[in-house]
Structure formats: structure tokens, C-alpha cells
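This is what each chain is made of:
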Amino acid sequence: MNKALAGFASLAALFGSPAAAQELTAQEVAPAIRYALPLMLEGVRNSCAPVLDSSGYLAKNGSRLDAKFSQGSDAYWPDAKQALMAFGGEEMGADAAMFTAMPDEVLQPFVNTMLVQLIAKEITTDSCADVERGMELLDPLPAENIAEIVGFIVEMDQREKNAKQSQGDRTRK
């Protein structure tokens, strides 16, 4: 994926990982992405603030984008939680039961912090200008459409991985 979409790609990678206990559909990923959009923006800002122009797009529009992405995002928490548990259940092993048993008021802030840190870690400072440009291009879309696009990208990526894996399996036989 193009590094211009690094912030979105980081979110998509969460749900498109081959380590997922099950493959998630675009319909399962999109609500989780919609929930995570304000967290993605926070991660981008954390990584990129030192290198982006103080008069650039995010500097001028970051607060408005945050409001746009945050408005209504909490309504997507149940679906985000379900997708994250489906994704991470196998990877978390015995810890999965602990996370599943946590009340939302404890789990949600933990997940939020984890997502912000993951995204901030994935975005390198040399990709910040590209990420900013990608956000500028996507900004006119409603947050729900952005989430649907990322869900679609994840689904297409999974199809490609499955096709390559099937091809590799046939080659090895």
C-alpha cells in the first residue's frame, strides 16, 4: 500500500493481518475503522507534528478533522470491539479471555491507547507529508465513506493474499 495512506493502512493492517483468527469482511472492518478514525488522526499528529509545516493542511484543519472523525465514532465501539477480538483472539491466546471479560469502560481506553501507539509507530517521519496529502484528499468524504474505503481495501488485500497463498500451495504440490 502506498505510504500516502500510511495512517489508514496501519488501521487496515490491524484487520488484514494473516494472524487474524478469521478473515474479516469489509462489512466487519468498516465500523471498526470508523470507530478508530479519531485515534488514527491522533497517531498521525503524534508522529508528524515535529516535521509537518506549521501552516500545512493538518495544522489548519486538524481540529476540524478531529471533530468530524470523533462525531458519532463511539456508536461504532461494539462493532470495533467485536472485530478487534476476532482479529486478536488467536494472537492473544489466554489473554483473549481476560480482554473479552473486561468491562467496556476499562477495555475501551486501553484499546484506544494501543491503537494510537500502533499508528504512531507505523508512520515514519519521512511519510508524514504523504499522509497529510492523503488525508487532504480524503477529507471531503464523510467519515463513514472513508471507513468503507479502508474496509474495501482490506477485503481486496485479503483476496490477493488468499489467491497468492492458493497459488503457492498448488506450486508446492
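This section reports on the structure supplied with the text. Every value quoted in this text rests on a predicted model; they were computed, and no experiment measured them.

On to the nonpolar core, then. Core analysis: the biggest nonpolar cluster contains 39 residues, and Val44, Phe69 and Met135 have the highest contact counts within it. Elements supplying a minimum of two residues to this core: α2 (26-48), α3 (57-70), α4 (77-92), α6 (104-122), α7 (128-138) and α8 (143-172). Residues in contact with Phe69, not counting those within four places in the same chain, are Arg34, Leu37, Pro38, Met40, Leu41, Met135, Ala143 and Ile146.

This part takes up the state of the cysteines. Within this structure, the stated rule accounts for one disulfide. In this model, Cys48 is linked to Cys128 through a disulfide, with the two sulfur atoms separated by 2.1 Å. With the S-S dihedral at roughly -80°, the linkage between Cys48 and Cys128 falls on the left-handed side. Of this pair, Cys48 sits in helix α2 while Cys128 sits in helix α7, placing them 80 residues apart in sequence. Residue class for Cys128 comes out buried when judged on its relative accessible area of 1%.

Looking now at the packing of α2 against α6. With their axes 8 Å apart at the nearest point, α2 and α6 run at an angle of 45° to one another. The orientation of α2 relative to α6 falls into the category oblique. Crossing of α2 over α6 shows right-handed handedness. Residues Tyr35, Ala36, Leu39, Met40, Glu42, Gly43, Val44, Asn46 and Ser47 of α2 form the contact with α6, whose participating residues are Gln108, Asn112, Leu115, Val116, Ile119, Ala120 and Lys121. Class assignment of the residues belonging to the contact of α2 with α6 gives a composition of nine nonpolar, five polar and two charged.

Criteria and cut-off values
Residues numbered from 1 in each chain as written. Predicted model: local features only at pLDDT ≥ 70, side-chain atom pairs only at ≥ 80, totals over all residues. Heavy atoms only, no water. Core = buried A, V, L, I, M, F, W, Y, C linked by side-chain atoms within 4.5 Å. Buried < 20%, exposed > 50% of the residue type's maximum accessible area, 1.4 Å probe, protein only. Helix = DSSP H or I, 4+ residues; strand = E, 2+ residues; numbered from the N terminus. Contact = heavy atoms within 4.5 Å. Disulfide = S-S within 2.5 Å. Axes fitted to C-alpha atoms, helices over the stretch in contact; angles between N-to-C directions. Parallel < 35°, antiparallel > 145°, perpendicular 65-115°, else oblique. Left-handed = near helix turned anticlockwise from the far one by under 90°. Nonpolar A, V, L, I, M, F, W, Y, C, P; charged D, E, K, R; others polar.

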